[in-house]
Amino acid sequence: MEQQQSISIRLFNSYSISSINFFHVSGDYTIYGDSVRLFDADDLSFISVLKSGDSVFLRMPNYERKFRFVRFVPHTSFSSFKLKSVHPDYKARTYDDELLISAQSKTLQLFNKVNIEKYVAGVVQWEVGTNNPQEFNKVKTIVCRTYALGNWRRHEFEGFQLCDEVHCQVFKGKTFNQNIRDAAIETTEYILVDDSARIITAAFHSNCGGQTMNSEDVWSKSVSSLRSINDTFCMRKANASWEKKIPKDLWLDYVGTKYGCPVRDSTFVKKVLNFDQPNRQIYLLNDNYFIPLKFVREDMKLKSTFFTIKEDGENVVFCGKGFGHGVGLCQEGALRMAEKGYSYTKIINYYYTHIHLIRFSQMDFFKTD
Ligand SMILES: [Zn+2]
Ligand SMILES: [Zn+2]
């Protein structure tokens, strides 16, 4: 039998929830209060769960009891439930598999112990929607799975593995899209590792503008899987180019104030008002004054560091390519490759270098102590 691996996700991670309703959707559940079997939830419409100090208060018609924690344990691999936060009022979300609820001073704590493939499919739907070519869906499931397992220990000291927010990966419940579910099943357990069999940082961004970045040019650490490549696939996509105009005074004031540049020196001024970047650079200036492009991007709120600057009357115009940090997989390029019929392995090997696709069960990954 195929080994099923689960991952513990904290739901509604940074929310303070005092009351939630559990709706049984499919497959049977048994409910445990402090490890004691209470009853089965097969034909119950819903169960109210409320926070009461550090306890969990379970309430149904003719039933009210307090526990330290409550578990909803599925009987089947297709068991699913819906959660509706009542206080505060949030839209209901549907999840697969097991639910554990405890309480601390400010909130109910909800943990979904979910099969990793179902989790990955939910994340992919949230990230890229449901209308993409299947090879692209497969690429995304592998990237999301690699990211999840690479960050497996992030919340270890808090007693779970990943949160459901952008800090880990956004997870708002199960996907009902069959293509995405199939993509997760067809790539089951596949993750990306480097030549030393270490899980890679599966970085991705929206559009590289025609050239990706080396990891050390953005994050200081050089890794073999994240090397700069020339990308011919993303150039006609939505985020391939952009433009931003800002007043010349503001720009000169910025380089003068932040980097101590001589903004009254005409030779210098010419340099910062007219900057060309045919291939990706790291610095706007790298002589007497260091102006890293990544800081200019942050401070000027630009879509990428891959831009040229031109003087235009009282303004300077930033003409840029791409969107995002530019490291690793270029999402719009990968999408274009999939549209043109490239396989997911071709796409992955185009953007990540010196990598191998392996099944995580081959790594003894879960046998940590
Ligand atoms: Zn997190
Ligand atoms: Zn690209």
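Residues numbered from 1 in each chain as written. Chains lettered and ligands numbered in written order. Predicted model: local features only at pLDDT ≥ 70, side-chain atom pairs only at ≥ 80, totals over all residues.

A. Quick peek at the overall build of the protein. If you tally the helices and strands in the protein, you get nine helices and 22 strands. Projected onto its principal axes, the C-alpha positions of the protein cover 85 × 45 × 40 Å. Burial statistics for the protein: of 369 residues in total, 42% are counted as buried. Partitioning the intrachain contacts of the protein with sequence separation of at least 6 by distance along the chain shows that 68% fall at a separation of at least 24. (Helix = DSSP H or I, 4+ residues; strand = E, 2+ residues; numbered from the N terminus. Buried ≥ 20, exposed ≤ 12 C-beta atoms within 10 Å, placed from the backbone. Contact = placed C-beta atoms within 7 Å.)

B. Fine view of the environment of histidine 325. Note that histidine 325 resides in the loop between β20 (315–321) and β21 (329–330). Distance from histidine 325 to lysine 303, taken between C-alpha atoms, is 8.6 Å for residues 22 residues apart in sequence. With sequence-adjacent residues up to four places away left out, histidine 325 is seen in contact with His205, Met213 and Val218.

C. Structural detail: the sheet that holds strand β7 (residues 63–67). The six strands lie next to each other as β7-β6-β5-β2-β9-β10, forming an open sheet whose pairing is antiparallel. Edge strands, defined here as strands with exactly one partner in the open sheet, are β7 and β10 (93–96). Shown here is a sheet whose adjacent strand axes are inclined to one another by a mean of 25°, direction ignored. Bridge count between strand β6 (residues 55–60) and β7: five bridges; the pairing is antiparallel. Across the sheet, residue valine 56 finds its bridge partner in β7, namely phenylalanine 67. (Pairing = 2+ DSSP bridges. Axes fitted to C-alpha atoms, helices over the stretch in contact; angles between N-to-C directions.)

D. Fine view of the packing of helix α1 (residues 116–128) against helix α2 (residues 134–150). Where α1 contacts α2, the axes come no closer than 9 Å and their chain directions differ by 115°. The chirality of how α1 crosses α2 is right-handed. Facing Ile116, Val120, Ala121, Val123, Val124, Glu127 and Val128 of α1, the residues of α2 in contact are Asn137, Lys140, Thr141, Cys144, Arg145 and Ala148. Residues that form the contact of α1 with α2 fall into these classes: eight nonpolar, two polar and three charged. (Left-handed = near helix turned anticlockwise from the far one by under 90°. Nonpolar A, V, L, I, M, F, W, Y, C, P; charged D, E, K, R; others polar.)

E. Broad picture of the nonpolar core. If you look at the biggest cluster of nonpolar residues, it comprises 80 residues, and the most contacted ones within it are Val49, Val120, Leu192, Ala334 and Ile347. Element by element, the count of residues in this core is highest for α2, at eight residues. Residue assignment places this core across two domains, with domain 1 (1–7 + 116–200 + 358–369) and domain 2 (17–106) each supplying three or more. Beyond its immediate chain neighbours, meaning those up to four positions away, isoleucine 347 contacts Glu135, Val139, Ala334, Met337, Ala338 and Tyr342. Within the second largest apolar cluster, nine residues are counted, among which are Val255, Phe306, Phe307 and Ile309. (Core = buried A, V, L, I, M, F, W, Y, C linked by C-beta atoms within 7 Å. Domains from an automatic or database assignment.)

F. Looking closely at the packing of α2 against helix α3 (residues 178–186). Direction vectors running N to C along α2 and α3 enclose 60°, while the axes themselves pass 8 Å from each other. With respect to each other, α2 and α3 are oriented oblique. The interaxial crossing formed by α2 with α3 has right-handed handedness. Residues Gln134, Asn137, Lys138 and Thr141 of α2 touch α3, and the partners they reach there are Asn179, Ile180, Ala183, Ala184 and Glu186. Taken together, the residues of the contact of α2 with α3 break down into three nonpolar, four polar and two charged. (Parallel < 35°, antiparallel > 145°, perpendicular 65-115°, else oblique.)

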